[in-house]
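Residue strings, one per chain:
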Amino acid sequence: MRKPRLVVIGNGMAGIRTLEELLEIAPHQYDITVFGAEPHPNYNRILLSPVLAGEQAFADIVLNPLDWYAQHDITLHLGKEVTQIDRTRRVVRCADGTEAPYDRLLIATGSSPFILPVPGKDLNGVISYRDIRDTEIMIETARVKRHAVVIGGGLLGLEAANGLKLRGMEVTVVHLADTLLERQLDSTAGKLLQKSLEARGLAFRLSHQTSAILDDGHGSVRAVRFSNGDEVAADLVVMAAGIRPNTTLAEAAGLYCSRGIVVSDTLQTYDPRIYAVGECVSHRGVAYGLVAPLFEQAKVCANHLALMGIGSYRGSVLSTKLKVTGIDLFSAGDFLGGEGTEEIVLSDPASGVYKKLVIRDDKLVGACLYGDTTDGAWYFKLLREGRALGELRERIMFGESSVGDAGTQGQNRASSMADTDEVCGCNGVCKGTIVRAITEKGLFTLDEVKKHTKAASSCGSCAGLCEQILMSTLGSTYDATPKEKAVCGCTDLSHADVRRAVREHHLTTHRAAFNVLGWRTPNGCATCRPALNYYMLSTWPKEAVDDPQSRFVNERVHANIQKDNTFSVIPQMKGGVTNASELRRIADVADKYHIPMVKVTGGQRIDLLGVKKEDLVSVWRDLGMPSGHAYGKSIRTVKTCVGSEFCRFGTQNSTQMGIDLETMLANMWSPHKVKLAVSGCPRNCAEGGIKDVGVIAVDSGWELYVGGNGGIKTEVAQFLVKVKTAEEVKEYTGAFLQLYREEAYYLDRTVHYIARVGLDYVKQRVVNDAANRRALYERLLFSLDGLTDPWQARIDGAQANEYRPLPALGVATETA
Amino acid sequence: MTLSEPIWLHVCDVDAIPRLGSRVLPHASGDIALFRTEDDNVFALRDKCPHKGGALSQGIVHGEKVTCPLHGWNLELTTGEACAPDVGCAQRFAVRIDAGEVYLSLDETVSGKVVEATAAA
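A few points on the structure. (Residues numbered from 1 in each chain as written. Chains lettered and ligands numbered in written order. Predicted model: local features only at pLDDT ≥ 70, side-chain atom pairs only at ≥ 80, totals over all residues.)

**Overview of the interface of chain B and chain A**
Formally: Each residue gets a C-beta atom placed from its backbone, and two residues are in contact if those atoms lie within 7 Å. Only DSSP runs of H or I covering at least 4 residues are called helices, and only runs of E covering at least 2 are called strands; the numbering of each starts at the N terminus. In the scheme used here, Gly and all other residues not listed as nonpolar or charged are polar, with Ala, Val, Leu, Ile, Met, Phe, Trp, Tyr, Cys and Pro taken as nonpolar and Asp, Glu, Lys and Arg as charged.
Each partner contributes to the interface: chain B provides 32 residues, whereas chain A provides 25 residues. Elements supplying a minimum of two residues to the side of chain B that touches chain A: β1 (8-13), β2 (21-25) and β5 (60-62) of chain B. It is β1 of chain B that provides the largest number of residues to the side of chain B that touches chain A, a total of five residues. Taken together, the residues of the side of chain B that touches chain A break down into 18 nonpolar, ten polar and four charged.

The following block contains the structure:
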């Protein structure tokens with residue numbers, strides 16, 4: 001059977017990115033033909049500025065070499081401009097008569113520079129700045145001529161001006177507005193930028209309108225004249241006054257266009273067989289000229305071309321960065337502010353630093369940074385997430401670094417790091433390695449950096465640094481983590497989507513989930529299967545059946561795997577309290593099974609390390625103690641101090657409180673591990689300030705703190721409520737943990753959950769709404785009811801094959 | 001056919017290996033992991049990740065891949081090759097299923113193609 005034919009008009013970043021996404025999910029679906037007007041394979045247009053500035057060569061910025069097209073059986077027509085789309089016969093035609101029939105058509109014709117309609121616009125030496133040919137002309141002209149005029153003080157114009165200056169020309173930038181980059185910066189930052197560009201030798205004519213380009217008498221440019229009569233000498237004029245979507249072809253074919261080819265949220269044009277992506281489209285009335293939105297469009301478009309029919313594009317929030325080495329500026333969202341907004345401004349003109357954050361309704365809606373853009377990625381993330389700032393507002397201006405990261409030498413500014421400085425302490429990855437991988441392999445996202453360099457792929461504490469490096473290496477190419485990231489490569493659905501679907505469709509098995517949600521792999525992967533397993537178990541307790549094969553080895557085996565494939569065994573020791581009989585049994589087990597190490601854990605328990613898998617069940621039997629769940633996304637332990645029973649400062653019996661909580665929460669699965677602590681007085685010896693729930697006894701009752709974390713990022717727990725009785729401690733703690741169990745995304749700790757929904761929301765649901773609190777608490781008790789100690793179950797014979805190797809090979813059997 | 005007929009050793013009943021799971025076969029040359037896919041294909045690899053020696057038998061099986069439990073490398077069950085961008089290979093062994101019984105060949109010269117031909121015969 002003939003495969004359907006997909007024709008792509010436009011061999012640029014948007015069109016080819018769509019093909020890459022498509023080939024990833026449906027590699028053999030189409031016979032693909034690509035038409036490119038330029039005689040080059042797809043290259044990174046964003047990096048033309050570094051080429052102009054002499055920092056990179058053309059070969060460095062090619063994204064898809066010719067081999068790539070060949071490898072994927074793509075018919076490539078280079079240097080051929082499509083001049084007609086015949087929608088009736090479903091054929092595209094080129095000027096030279098080349099034809100290609102299509103079943104699906106993708107238009108990615110991009111945009112063209114806007115050429116000012118002034119006399120002299122067609123003279124030799126007047127060019128735009130759009131493709132590699134323009135760049136080559138500029139480089140060539142700079143070699144032999146002296147005076148350059150750049151018309152337009154936007155991103156493209158300034159990058160062109162900077163490049164020409166570095167190539168040795170005298171450059172004047174002409175701009176209609178009275179400050180530079182007025183669409184990206186407020187006037188204060190615009191003036192700072194102008195000052196530092198002037199210090200580099202650029203000249204500016206602001207509030208100037210070009211009225212004519214003058215002829216030298218031989219058909220070449222001589223000078224530029226302004227409406228006020230002034231003239232500036234020019235051997236080269238670069239028009240960088242904006243871009244216009246290329247819609248001529250689409251319009252001629254009768255497709256509806258309005259400042260771009262109008263597309264739906266699935267990137268479909270008014271002809272359902274024709275899709276369009278990139279700078280040529282108008283989506284919800286917006287035409288995007290930066291690359292990050294194009295990539296988002298490409299992903300959605302590919303999904304629909306692959307006939308998966310899920311995912312929709314809802315528009316992008318943009319961020320901007322100027323790719324001029326040594327000048328740091330960043331802006332995103334509504335950085336101008338105005339009615340109904342508040343501003344936080346930090347201004348230090350002497351050291352050239354200016355930061356403005358715009359806040360509306362307790363949410364960050366815009367940011368404009370100049371001189372220090374370290375926190376640009378972080379602000380952009382806050383902005384896209386649209387999360388309530390709350391107490392963060394007080395320190396937001398001081399940046400993300402006001403919270404510490406472990407394992408990165410205390411570094412929090414990628415820009416100040418040398419190439420040899422280590423970024424990822426887990427995998428030993430240096431900054432230079434990451435930068436090289438980004439430029440040489442054409443990486444655009446944090447996920448790609450993780451995959452190719454392993455940086456940020458273990459504990460993740462350097463993810464922020466890696467994002468900074470991405471941002472400074474790529475500039476506005478950087479595709480920041482989307483607000484709703486897909487769970488994994490098996491689906492485009494986010495954790496929120498999946499949680500919702502599990503509830504709405506009453507999903508209780510993986511098979512049902514894969515079918516209903518259209519998973520693109522036959523049975524998921526090691527990332528999504530455990531997440532789905534948790535969502536189903538927590539949403540439908542006593543109905544969903546736990547799938548051992550969808551659990552990470554530790555949770556399947558109920559012990560913690562070590563680097564040499566042995567396991568560690570940590571028996572339950574509620575509240576850290578033990579006795580002579582237990583200690584004696586632990587000692588006997590250590591002797592009998594030749595346990596190489598016995599260690600006291602941070603959670604006040606005893607760890608037996610180096611147990612062979614086949615010995616696990618007998619070790620548990622001999623210990624005669626229940627599982628401590630020290631291996632799971634589950635309740636771990638409740639750490640306690642000795643409290644009022646012994647301590648002269650103790651105000652309440654914190655030890656018993658800890659034991660009671662640990663008893664209540666026994667066998668509880670959760671999105672991530674859950675640790676508690678109970679201290680007998682505010683000296684807080686049990687360190688409740690860095691626990692998921694920290695309980696601190698005071699003379700008049702108990703204070704509850706939530707969302708603390710002692711790991712990768714030290715996070716101090718926040719005050720939730722003060723209660724009087726021990727029963728209330730259990731109810732509030734239980735209700736909070738159930739809220740987290742029901743709403744958090746898999747692998748989010750309580751701190752991440754609270755950061756997403758806001759502490760006020762948690763208080764509303766758990767503290768203020770008594771009926772809801774009781775309902776949550778009851779649902780927790782209902783889901784825990786009937787769960788039994790997994791070690792005892794295995795001693796009694798459950799999952800026996802898991803721990804038993806196959807019988808050794810004995811008999812040779814004849815072939816059939 | 002230039003290769004001599006492989007020697008097939010009986011291992012176990014297919015159902016002794018859980019779907020989307022694995023079992024370990026101890027052997028003098030080192031443990032061998034047997035994996036069973038959702039559609040009841042069985043594959044055998046040396047139970048040692050080419051990265052840092054993790055026990056592949058303890059990983060999560062999905063499609064025709066297994067994810068190593070130690071650092072998350074993905075390996076192709078059909079070839080033992082690590083999935084890009086990781087590079088490495090775990091030794092693979094030919095497996096044949098006959099009447100619900102799993103047979104293994106320890107003969108390293110057997111290629112995947114020959115095994116398919118034999119199984120089809």
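Still more to cover.
**So, the pairing of strand β5 (residues 91-94) of chain A**
Residues and elements named next belong to chain A. Spelled out, the test is: At least two DSSP bridges between two strands are required for those strands to pair.
Pairing of strand β4 (residues 82-86) with β5 involves four bridges; the strand directions are antiparallel. Opposite Gln-84, over in β5, you have Arg-93 as the bridge partner. Where β5 meets strand β6 (residues 99-101), three bridges bridge the pair, whose relative direction is antiparallel. Looking at β6, one finds that Val-91 is bridged to Pro-101. Between β5 and the antiparallel strand that follows it, β6, lie four residues; Gly-97 among them carries a positive phi value of about 95°.

**Quick look at the packing of helix α10 (residues 431-441) of chain A against helix α11 (residues 446-453) of chain A**
The description of two helices packed together rests on the angle between their axes and the distance between the axes. All names here are of chain A. Operational definition: Interaxial angle, 0 to 180 degrees, is taken between N-to-C directions of lines fitted to C-alpha atoms, where a helix line uses only the stretch in contact. Reported orientations rely on four angle classes, namely roughly parallel under 35 degrees, roughly antiparallel over 145, roughly perpendicular from 65 to 115, and oblique for the rest.
Packing of α10 against α11 brings their axes to within 10 Å, and their N-to-C directions diverge by 110°. Judged on the interaxial angle alone, α11 and α10 are roughly perpendicular. Side by side, α10 and α11 meet where Thr-433, Ile-434, Ala-437, Ile-438 and Lys-441 of the first sit next to Val-449, His-452 and Thr-453 of the second. Residues belonging to the contact of α10 with α11 are distributed by class as follows: four nonpolar, three polar and one charged.

**So, the sheet that holds β4 of chain A**
Residue and element names in this part refer to chain A. The strand order across the open sheet built from three strands is β4-β5-β6, with neighbouring strands paired in antiparallel fashion. The strands lining the two open edges of the sheet, one partner per strand, are β4 and β6. Averaged over all neighbouring strand pairs, the angle between strand axes comes to 15°, with direction disregarded.

**So, the sheet that holds strand β6 (residues 65-67) of chain B**
Residue and element names in this part refer to chain B. Taken in spatial order, the three strands of this open sheet run β5-β6-β7, and their pairing is antiparallel. Looking at strand neighbours, the two that pair on one side only are β5 and β7 (74-76), the edges of this open sheet. Adjacent strand axes in the sheet meet at a mean angle of 25° when their direction is disregarded. In this structure, β5 lies alongside β6, joined through three bridges in antiparallel fashion. Looking at β6, one finds that His-62 is bridged to Lys-65.

**A short note on the packing of helix α1 (residues 13-25) of chain A against helix α8 (residues 291-305) of chain A**
Residue and element names in this part refer to chain A. So the rule is basically this: In this scheme the handedness of a crossing depends on how the near helix is turned from the far one: anticlockwise by less than a right angle means left-handed, clockwise means right-handed.
The contact between α1 and α8 brings their axes to 8 Å, and the two run at 40°. The orientation of α1 with respect to α8, classified from their angle, is oblique. Judged by the twist between their axes, the crossing of α1 over α8 is right-handed. Residues Met-13, Ala-14, Arg-17, Thr-18, Glu-21, Leu-22 and Ile-25 of α1 form the contact with α8, whose own contacting residues are Val-291, Leu-294, Phe-295, Gln-297, Ala-298, Lys-299, Cys-301, Ala-302 and Leu-305. Residues belonging to the contact of α1 with α8 are distributed by class as follows: eleven nonpolar, two polar and three charged.

**A look at the nonpolar core**
Formally: Nonpolar core, as used here: buried Ala, Val, Leu, Ile, Met, Phe, Trp, Tyr and Cys residues forming one set through C-beta atoms within 7 Å. Exposure classes come from backbone-placed C-beta atoms, where a residue is buried if 20 or more other C-beta atoms lie within 10 Å of its own, exposed if 12 or fewer do, and partly exposed in between. A domain assignment, automatic or from a database, supplies the domain bounds used here.
Val-150, Val-237, Val-238, Ala-276, Val-277 and Cys-466 of chain A are the most contacted members of the largest nonpolar core, which totals 129 residues. If one sorts the elements of this core by residue count, α8 of chain A sits on top with nine residues. Residue assignment places this core across two domains, with domain 1 (5-112 + 245-305) and domain 2 (126-241) of chain A each supplying three or more. By size, the runner-up hydrophobic cluster in this structure holds 93 residues, among which are Cys-490, Ala-697 and Tyr-777 of chain A together with Leu-75 of chain B.

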